[in-house]
Amino acid sequence: MKHFEANFDGLVGPTHNYAGLSFGNVASQSNAALTSNPKDAAKQGLKKAKALADMGMVQGMLAPQERPDLHTLRRIGFSGTDAEVLQKAAQQAPALLQACCSASSMWTANAATVSPSADTRDGKLHFTPANLVDKLHRSIEPSTTGNILKAIFADSRHFHHHEHLPEHPSFGDEGAANHTRLCSDYGRAGVEVFVYGRAVTSQDMPAPKKYPARQTLEASQAVARLHQLEDDNTVFMQQNPDVIDQGVFHNDVIAVGNQNVLFYHEQAFLHTQEKLAEIQRKMDTDMHFIEVPTAKVGVQDAVKSYLFNTQIITLPNGEMAIIAPTDCEENAAVHAYLTELVTFNTPIKKVHYFDVKQSMQNGGGPACLRLRVAMNEAELAAVNPNVMMNDALFSRLNQWVDKHYRDRLTIADLADPQLLVESRTALDELTQIMKLGSVYQFQR
Ligand SMILES: NCCC[C@H](NC(=O)CCC(=O)O)C(=O)O
């Protein structure tokens, strides 16, 4: 049977904006209050997803969330008509309104952790939506994320859906952004690497001092238990707290893996050599550990350009390619490194650059925008086909964006009741295009 790694990219929602909501995420904070362009943002994402489909990759799309999130605003005491709720929240608690308007579900690397069936004891593909408790605006995503994943991966003979972890800082879970699956071949049992920022139950372990460590060891261990992984196919590594303090808020800002390649910055982890040896011991093939030295690319350049928030994909011809943001091309040190990388004796042979600046300005690169799901043919056949990228879906979604999205959005616009109407109209139509059923609160 054939095996693939599919990418499911997050469709950028109609309220995409720059509210500076993510303390510890340098781009989010430094671009706060910029005017956004939701239409461009959605189209940049669609273009990247379509380009991967055109390269022969299996590519799907995940629907955005309902924003403004009136359900949450009402839950915290704002009442009246929808327009009144928005107006009161804007006047009395603008920060809460902003948290309820973020299009942050576009970064589907944070949607869930996914373990392919080759790794799990029951032979099913497991999903656990991330609780994202570290940030208020993200903590309101997991229930709807679960609904969307269940609408796409519905067949219980193949897919096993778990509830997100308890909503407490002890179980801070950021999903696949802190999880990398390595393997010799997508269909063979691999090694699932969980990277955490701090451990709650071992107080003596190092932790960042300035910025939050969003992922805990306890959350990573819980997901590994839920997904029925074995000790000999899991590795838990700690992220270097010093780089979290330099703006590396997720592991996928400093490391990325694919099959037998782990591409990471010299300063990414703690106990690096010991942990890489453990990975190699548990793998059934030789690993390519590609370490980028600080002397070539400093942490600041990595954070600015998102060199490690690139996607490493295996093309149908077996070669690997890197999908990088154009910001990597614009950074001299990073561009020089990537140009050199393809000449090294590693499986990575090409680099493709994509403009995803609308997302980058909020701290989300190409890899943040996608959730990886390794599947076999039978599992792929069970996926809702209406979310899979092809010429028809690409043009349908572009038309949909043109019809419903604004090309300019400021923070002040978030209280506009018309934006809520536009957003709901768009999402209602999208659930019909993607045949998702009623996944949103406003549809229930
Ligand atoms: N994986 C990339 C996630 C980026 C995301 N940014 C944000 O939510 C910024 C939102 C804003 O500031 O408007 C985050 O930090 O979780």
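Note that the structure is predicted; figures quoted are calculated from it, not measured. (Residues numbered from 1 in each chain as written. Predicted model: local features only at pLDDT ≥ 70, side-chain atom pairs only at ≥ 80, totals over all residues. Heavy atoms only, no water.)

S.K.: Help me get a handle on the packing of aromatic side chains, residues and values and all.
M.R.: Enumeration over the complete set of coordinates arrives at 12 aromatic pairs. Note on Phe8 and Phe153: the rings are 5.1 Å apart at their centroids and 70° apart in plane angle, and the pair reads as edge-to-face. Placement of the pair is Phe8 in strand S1 (residues 3-10) and Phe153 in the loop between helix H7 (142-152) and strand S5 (159-161), with a sequence separation of 145 residues. A relative accessible area of 1% means that Phe8 is categorised as buried. Where Phe127 meets Phe153, the ring centres are 4.6 Å apart and the plane angle is 40°; that geometry is what we call tilted. Of this pair, Phe127 sits in strand S4 (residues 125-129) while Phe153 is found in the loop between H7 and S5, placing the two residues 26 residues apart along the sequence. The two residues Phe127 and Phe153 agree in class, both being buried. Taken together through their ring pairs, the aromatic side chains of Phe8, Phe127, Phe153 and Phe159 make up a single cluster. If you follow Lys50 out to its NZ or CZ, it ends over the ring of Phe394, 5.5 Å from the centre. (Phe/Tyr/Trp six-rings, centres within 6.5 Å; stacked < 30°, edge-to-face > 60°. Helix = DSSP H or I, 4+ residues; strand = E, 2+ residues; numbered from the N terminus. Buried < 20%, exposed > 50% of the residue type's maximum accessible area, 1.4 Å probe, protein only. Lys NZ or Arg CZ within 6 Å of the ring centre and 35° of its normal.)

S.K.: How would you sum up the pattern of salt bridges? Please name residues and give values.
M.R.: Within the structure shown, the criterion is met by 26 salt bridges. For Glu278, the salt bridge goes to Lys275, with nearest N and O atoms at 3.0 Å. Taken together, the positions of Glu278 and Lys275, both in helix H10 (residues 272-282) and three residues apart, correspond to about one turn of that helix. Each of the two residues, Glu278 as well as Lys275, counts as buried. The residue Glu429 makes a salt bridge to Arg396 at a minimum N-O spacing of 3.2 Å. Here Glu429, found in helix H17 (residues 417-433), pairs with Arg396, found in helix H16 (residues 391-404); they are 33 residues apart in sequence, far enough to count as distant. Looking at Glu429, the relative accessible area reads 15%, which means it is buried. (Salt bridge = Lys/Arg side-chain N within 4 Å of Asp/Glu carboxyl O.)

S.K.: Mind laying out the packing of helix H2 (residues 38-54) against H16, listing which residues take part and the relevant values?
M.R.: Close contact between H2 and H16 brings their axes to 10 Å; oriented N to C, the two are set at 175°. Classified by the angle between their axes, H2 and H16 sit roughly antiparallel to one another. Residues Lys39, Ala42, Lys43, Leu46, Lys47, Lys50 and Asp54 of H2 pack against Asp391, Phe394, Leu397, Asn398, Val401 and Asp402 of H16. Counted by class, the contact of H2 with H16 contains five nonpolar, one polar and seven charged residues. (Axes fitted to C-alpha atoms, helices over the stretch in contact; angles between N-to-C directions. Parallel < 35°, antiparallel > 145°, perpendicular 65-115°, else oblique. Contact = heavy atoms within 4.5 Å. Nonpolar A, V, L, I, M, F, W, Y, C, P; charged D, E, K, R; others polar.)

S.K.: Which residues make up the environment of Pro129, and what are the values?
M.R.: For Pro129, the position within the fold is in strand S4. As for Pro129 and Ala32, which are separated by 97 residues in sequence, their C-alpha atoms are 27 Å apart. Once residues within four sequence positions are removed from consideration, Pro129 is found in contact with Ala111, Ala112, Pro142, Thr145, Gly146, His162, Glu163, His164, Leu165 and Asp173.

S.K.: I'd like a rundown of the sheet that holds S1, residues and numbers included.
M.R.: Ordered in space as S2-S1-S15, the three strands form an open sheet in which the pairing is mixed. Edge positions in the sheet fall to strand S2 (59-62) and strand S15 (370-376), since each has one partner strand and no second. Shown here is a sheet whose adjacent strand axes are inclined to one another by a mean of 30°, direction ignored. The pairing of S1 with S15 spans seven bridges and is antiparallel. Paired with Glu5 across the strands is Ala374, a residue of S15. Strands in contact with H7 are S1, S2 and S15; relative to S2, the strand with the most contacts, it is inclined by about 140°. (Pairing = 2+ DSSP bridges.)

S.K.: Can you explain the side chain of Glu429? Please cite residues and give values.
M.R.: In terms of polar contacts, Glu429 uses its side chain to reach the side chain of Arg396, at 3.2 Å. Separated by 2.8 Å, the side chains of Glu429 and His404 make a polar contact. (Polar contact = N/O pair within 3.5 Å; in protein donor to acceptor, adjacent residues only side chain to side chain.)

S.K.: So what's going on with the sheet that holds strand S6 (residues 179-182)? Residues and values would help.
M.R.: Adjacent strands of a sheet form backbone hydrogen bonds with each other and so pair up, either parallel or antiparallel. Taken in spatial order, the three strands line up as S6-S7-S8 in an open sheet, and their pairing is mixed. Edge positions in the sheet fall to S6 and strand S8 (234-238), since each has one partner strand and no second. If you compare each strand with its neighbour and ignore which way they point, the axes differ by 20° on average. Of the pairings in the sheet, the one linking S6 to strand S7 (residues 191-196) comprises four bridges and is antiparallel in character. Bridging from a neighbouring strand, His179 pairs with Phe194 of S7. Of the strands in this sheet, S6, S7 and S8 are in contact with H10, which crosses S8 at around 170°.

S.K.: Give me the lowdown on the site of the ligand, citing residues and values where you can.
M.R.: Neighbouring the ligand are 18 residues, the closest being Leu21, Ser22, Ser28, His137 and Cys368. In the model, an oxygen atom of the ligand is placed 2.9 Å from a nitrogen or oxygen of the Asn25 side chain. Contacts to the ligand include Asn362, whose backbone N or O atom sits 3.0 Å from a nitrogen atom. In the complex, 100% of the free accessible area of the ligand, which totals 420 Å², lies under the protein chains. Considered class by class, the residues forming the shell around the ligand number five nonpolar, 11 polar and two charged. (Near = heavy atom within 4 Å. Areas by Shrake-Rupley, 256 points an atom, 1.4 Å probe, with all protein chains shown as cover.)

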